[in-house]
Amino acid sequence: MKKRLLATLLCAAMAVTTLAGCGSDNSGASGNTADSGQTAQQSTDTGNGGQAAANASTEANLVFAWWGNQTRQERTEAAIDLYSQQNPGVTFDAQPAAWDDYWSKLATSAAGNSLPDLIQMDYSYLEQYVASGLLADLTPYVDNGTLDVSNVPKSLLEAGSVDGKLYAIAAGVNAPSLLYNKTLMTELGIEVPDNMTIAQFEDICKQVYEKKGIKTDLPYGASDNYLPYLARANDVTALFNKDEKKMNMSDSTPLVDYFQVYQDGAEQGWVIGTDIHAELQNNSVEQSPLVFYSSEASQAWCAFFWSNQMEAMQKVADEKGIEIGITTWPSKDPKKSNFLKPSQFFSVSRDAGANEEAAVKVVDFLTNSVDANNILLGERGVPASSVVADAISPLVSETTQEVTRFINDVVSPNCSAISPAIPDGANEVYDESNKLVDKVLNKEIDAKTAAQNLFDKGNEIMASK
Amino acid sequence: MGKKKQTLHHILNTESAAGVICTLPFTIGFLLFMIVPMGISLYYSFCDYNILTPPVFSGLKNFQKMIHEEVFWTSVKVTFKFAFISVPLRLVFALIVALLLFRSTKMTGIYRAMYYLPSMIGGSVAVAILWKRLFALDGVVNKIFMAFGMKEPISWLGNTKTAIWTLIILAVWQFGSSMLIFLSALKQIPVSLYEAAEIDGANKWQQFWKVTLPLLTSTIFFNLVMQMINGFLAFTQSQIITQGKPADSTLFYTVYMYQQSFQFGNTGYGAALAWVMLAIIALITWLLFATKKLWVYEGGF
Amino acid sequence: MHKKRKIGNIIYHVLVLAFGLVMIYPLVWMVMSSFKETTTIFTTATKLIPDKFVLSNYSTGWKGFAKTSFAVFFKNSLFISIAATIGTVLSSAIVAYGFSRCRFKGRGLLFAAMLATMMLPAQVLMIPQYLWYQKLGWVNTYFPLIVPYWFAIQGFFVYLMKNFIDGIPRELDEAAKIDGCSYYTIFTRVIFPLVKPAMITGLIFSFMWRWDDYLGPLLYVNSTNMYPSSLALKMFADPSSSSDYGAMFAMATISILPAMIIFFTLQRYLVEGISTSGLKG
């Protein structure tokens with residue numbers, strides 16, 4: 001037990017060094033790594049320090065909105081309760097919602113200038129909210145010490161910044177993860193290497209299909225994830241050029257790779273088709289063909305997810321006696337494609353007004369307090385603060401520890417900076433791309449045509465913005 | 001003084017005053033809660049607007065955009081197909097079942113509940129999931145068809161020709177509200193009319209055609225108008241089950257509108273879509289009302 | 001003759017029952033699933049009967065969200081639905097009477113306005129309505145979910161009752177008029193008692209629709225302890241992390257109960273002998 005604890009601590013300690021490695025500039029983060037060797041004890045002090053500072057604050061009732069499931073509601077509520085205990089006078093109105101509803105409601109309250117004080121933000125909405133001036137600039141609070149980001153890797157701070165100003169603090173770290181049926185692969189004697197190229201990946205897909213008739217679940221209805229991932233390998237880090245209102249490329253070539261995978265799968269027969277997907281709840285862990293199938297034809301050996309979903313997947317897989325493995329998404333250049341992504345952020349809204357400082361203090365608390373994170377337990381992903389990540393690592397489940405190892409040892413040393421947050425119009429382009437994937441899967445068009453169509457339509461959509 | 005009071009009382013008791021006063025709740029409600037929001041949304045339809053930033057007037061741009069959007073026309077076609085097939089089917093089912101369940105037996109209460117229950121669960125995520133399971137390749141529907149000799153299971157949800165039918169069947173399955181309305185209308189038909197018909201020697205079948213159906217026409221008309229409006233505004237079925245897939249073959253107009261308004265940041269365009277829909281429904285409703293005289297019996301008994 | 005009737009009766013019951021079972025099969029599936037272990041719901045989706053009956057979904061579901069148990073969500077739903085339904089039924093009855101029995105200037109226009117409010121997709125009014133209720137200071141209260149319904153803004157119910165009142169013989173009005181009734185006392189003494197079946201139908205619908213409505217509460221209710229169950233139900237599923245379908249099915253099952261109880265207690269008014277309405281031919 002003790003040995004494992006030590007091992008995880010070491011891993012987590014490494015995280016700091018390597019997380020920083022994904023930033024475009026490491027110099028800022030290097031100073032922080034020194035502290036990370038010190039253990040939980042010191043980080044508890046950080047928590048107390050935050051508490052002392054917050055004690056001085058006045059009364060405030062903060063509205064805090066987030067999306068997520070039951071576990072998240074429980075833990076977040078317990079954490080903010082703790083904050084209220086430590087800071088009498090600060091109370092919370094919790095406003096949880098389901099993902100879709102969350103964004104409809106947030107947009108509506110933005111129209112009414114009544115955004116919640118504290119907002120759980122997603123990377124895909126960050127740019128639009130900042131561009132519309134809806135989020136408070138957190139930079140001054142970092143400068144005056146209210147918000148302590150000294151333990152947050154620079155790469156994560158950059159992800160939460162737009163035009164050099166900090167608007168959002170990562171709540172947890174995620175990596176693109178290919179979850180696969182380890183039990184099956186052992187049985188077939190196939191090794192699944194990390195950092196696979198597309199050729200290697202397709203070779204495995206073929207083998208599994210030939211030997212067992214079991215198929216491959218390529219990302220479906222999820223062009224927003226895998227399309228930019230593959231485009232990055234072609235040196236297109238941003239798909240959209242907001243200023244010039246067009247797709248950020250001279251022709252459709254960088255998009256072909258993406259559709260080519262689907263075309264190969266459809267031609268060689270190993271891909272799960274549109275008919276199976278039509279029967280599933282899109283992107284739901286519980287209904288992924290990896291664990292939910294009636295025959296080989298609807299079963300998949302792998303599925304494209306995010307690292308924080310592995311735990312849920314393993315839980316469902318246990319029922320079928322399947323052990324889940326985790327590796328990177330295939331790409332012809334894994335180092336260029338791969339990145340670490342804040343699973344979500346905490347932001348303070350423009351409408352917080354007099355509550356702004358009080359809200360920032362809560363963000364500081366959620367980021368730096370070990371006590372708070374002992375409750376949250378990395379449910380939003382590996383905590384952004386390296387000190388906190390270290391402190392809680394002994395407490396989290398074995399699967400989560402494996403995820404942490406994956407992020408630290410596999411992804412971090414071999415990744416590039418995250419692509420810029422997507423502008424208004426991008427979702428419409430991705431929707432178009434999803435429809436084109438359907439056509440490729442049904443062999444109505446080939447990859448080149450699909451890429452060309454997407455390029456044309458994308459330019460049209462961006463021009464209308 | 002007393003005389004004046006009497007006149008006021010008298011004025012209040014005229015037919016037109018009574019009409020104005022009785023309908024006053026709606027008039028107030030309309031002015032207070034509807035007219036302003038409707039006005040704002042009409043204004044949005046002439047604007048570039050994405051919710052997050054204030055609207056900017058852009059003239060007829062949104063309406064012109066519609067004409068050139070292929071998806072717009074697809075969604076119009078899908079919606080017309082859905083409404084014109086599901087509504088009559090729903091009404092026919094509702095009427096037949098209402099007639100069957102009008103007779104009073106010990107079981108009637110339970111039967112009615114059975115037929116009404118599906119309408120009760122509405123359009124929750126639970127319905128979406130169970131509907132997909134039902135029509136899955138290994139689902140019950142395919143099993144039944146294969147028991148009757150079908151060789152290969154059909155991918156009902158994955159085929160552009162069949163997917164819309166799963167939604168139509170869902171709509172027909174939830175015929176409960178129309179059924180209840182028919183039931184309460186059936187109850188309103190006086191027994192004496194049937195007695196009279198029986199004395200005249202009419203059998204059950206003739207009674208249905210001569211008494212029941214004519215007296216139900218106004219209720220049928222009511223259900224038809226309401227369900228037509230509902231059919232054109234149908235949203236949940238497509239939104240939670242198919243999201244328009246496959247290949248936009250189940251993309252309801254309102255789902256298209258919702259995507260544009262809330263997911264793609266084209267909220268002004270979405271508002272324009274809504275007002276065009278209002279015009280379409282208004283036209284159809286007007287057509288229905290125009291035919292009303294031809295077939296709806298509106299006299300007393 | 002007697003025997004033939006008996007056979008006919010048996011055929012009737014068998015047919016109605018068999019078709020009824022087809023109707024409720026999907027619901028039975030949902031209820032049965034709520035007793036399965038949550039991780040096995042989909043893996044055993046083709047089986048109707050759970051391998052092992054468990055109640056854990058009900059206990060986890062009932063815990064609710066963020067310290068607020070489902071009991072609170074149900075209480076909120078009950079309050080909103082009942083308050084809005086009473087308003088809808090009463091106000092719609094009066095307005096319907098006005099439309100049915102009185103000719104007045106602007107009647108056609110008003111009726112058209114009523115139909116028009118039904119023709120605009122609800123989703124497009126979300127933002128404008130929010131802005132307007134915010135001006136009224138009604139955000140984070142139940143007012144937007146209840147008050148408008150006391151003003152008969154749902155044309156469906158007005159039209160439903162108008163249609164029903166149209167079917168009540170005018171001779172009854174005339175007779176009451178001769179007895180000295182005003183337009184208003186005709187409504188309270190003659191029409192109101194007779195329009196009951198339509199009001200009960202309306203009540204059943206309105207309760208159910210208010211209960212299921214989540215767009216309104218989503219926008220106007222800001223704290224968890226004010227959420228209705230419709231909103232809470234959706235939070236069991238989160239595609240970005242994981243979902244608890246077992247708990248969702250369990251709470252969805254319980255959610256149908258109030259509407260079912262109302263239906264069962266009230267539907268007998270739709271069955272009862274025709275004679276009670278006491279109409280003359």
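Model, not experiment: these values are computed from the prediction. (Residues numbered from 1 in each chain as written. Chains lettered and ligands numbered in written order. Predicted model: local features only at pLDDT ≥ 70, side-chain atom pairs only at ≥ 80, totals over all residues.)

## Structural notes on the overall build of chain B
For clarity, the cut-off: Every helix listed is a DSSP run of H or I at least four residues long, and every strand listed is a run of E at least two residues long, numbered separately from the N terminus. What the globule rule says is 2.2 Å times the number of residues to the power 0.38, and the radius of gyration is computed from C-alpha atoms. Two residues form a contact once the distance between their C-beta atoms, set from the backbone, is within 7 Å.
Looking only at helices and strands, chain B has 15 helices and 2 strands in total. In terms of C-alpha radius of gyration, chain B reaches 24 Å, well past the compact-globule figure of 19 Å for 301 residues. Over its C-alpha atoms, taken along the principal directions, chain B stretches across nearly 70 × 65 × 35 Å. Look at the contacts in chain B between residues 6 or more apart in sequence, and 68% of them connect residues 24 or more apart.

## Comments concerning the interface of chain A and chain B
Put simply, the rule is: All residues other than Ala, Val, Leu, Ile, Met, Phe, Trp, Tyr, Cys, Pro, Asp, Glu, Lys and Arg, Gly among them, are scored as polar; the first ten of these are nonpolar and the last four charged.
Residue-level contacts link 20 residues of chain A with 19 residues of chain B. Put simply, the parts of the chain that give the side of chain A that touches chain B at least two residues each are α5 (99-111), α6 (123-131), α13 (274-277) and α20 (426-441) of chain A. If one sorts the elements of the side of chain A that touches chain B by residue count, α5 of chain A sits on top with 4 residues. When its residues are assigned to classes, the side of chain A that touches chain B shows 6 nonpolar, 9 polar and 5 charged.

## Looking at the domain arrangement of chain B
Note the cut-off: Residue ranges for the domains originate in an automatic or database domain assignment.
Domain boundaries in chain B define domain 1 (1-44) and domain 2 (62-295). Taking the mean C-alpha position of each, domain 1 of chain B and domain 2 of chain B sit 35 Å from one another.

## What to know about the sheet that holds strand β1 (residues 60-67) of chain A
Residue and element names in this part refer to chain A. The condition that has to hold: Strand pairing is defined by DSSP finding a minimum of two bridges between the two strands. In this analysis an axis means a line fitted to C-alpha atoms, helices contributing only their contacting stretch, and an angle means the value between N-to-C directions, from 0 to 180 degrees.
Spatially, the 5 strands line up as an open sheet ordered β2-β1-β3-β12-β6, and their pairing is mixed. In this open sheet, the two strands that pair with only one neighbour each are β2 (90-97) and β6 (168-174). Across the sheet, the axes of successive neighbouring strands diverge by a mean angle of 20°, strand direction being ignored. Across 2 bridges, the pairing between β1 and strand β3 (residues 118-121) is parallel. Paired with F64 across the strands is L118, a residue of β3.

## Let's talk about the confidence of the model for chain B
Residues and elements named next belong to chain B. Here is the rule we go by: Per-residue confidence from the prediction method is given by pLDDT, with values spanning 0 to 100.
With 96% of its residues at a pLDDT of 70 or more, chain B has an overall mean of 89. For chain B, the element scoring lowest by mean pLDDT is helix α1 (residues 2-12), at 70; helix α5 (residues 70-100) scores highest, at 95. The ipTM, which scores confidence in the relative placement of chains, is 0.89 for this predicted complex, and the corresponding pTM is 0.89.

## What about the domain arrangement of chain A?
All names here are of chain A. Taken domain by domain, chain A consists of domain 1 (2-173 + 342-414) and domain 2 (176-338 + 420-463). Counting only elements with at least two residues in the side of domain 1 that touches domain 2, the list comes to α6 and α19 (398-411). The biggest single contributor to the side of domain 1 that touches domain 2 is α19, with 8 residues. Looking at side-chain class alone, the side of domain 1 that touches domain 2 contains 7 nonpolar, 9 polar and 2 charged residues.

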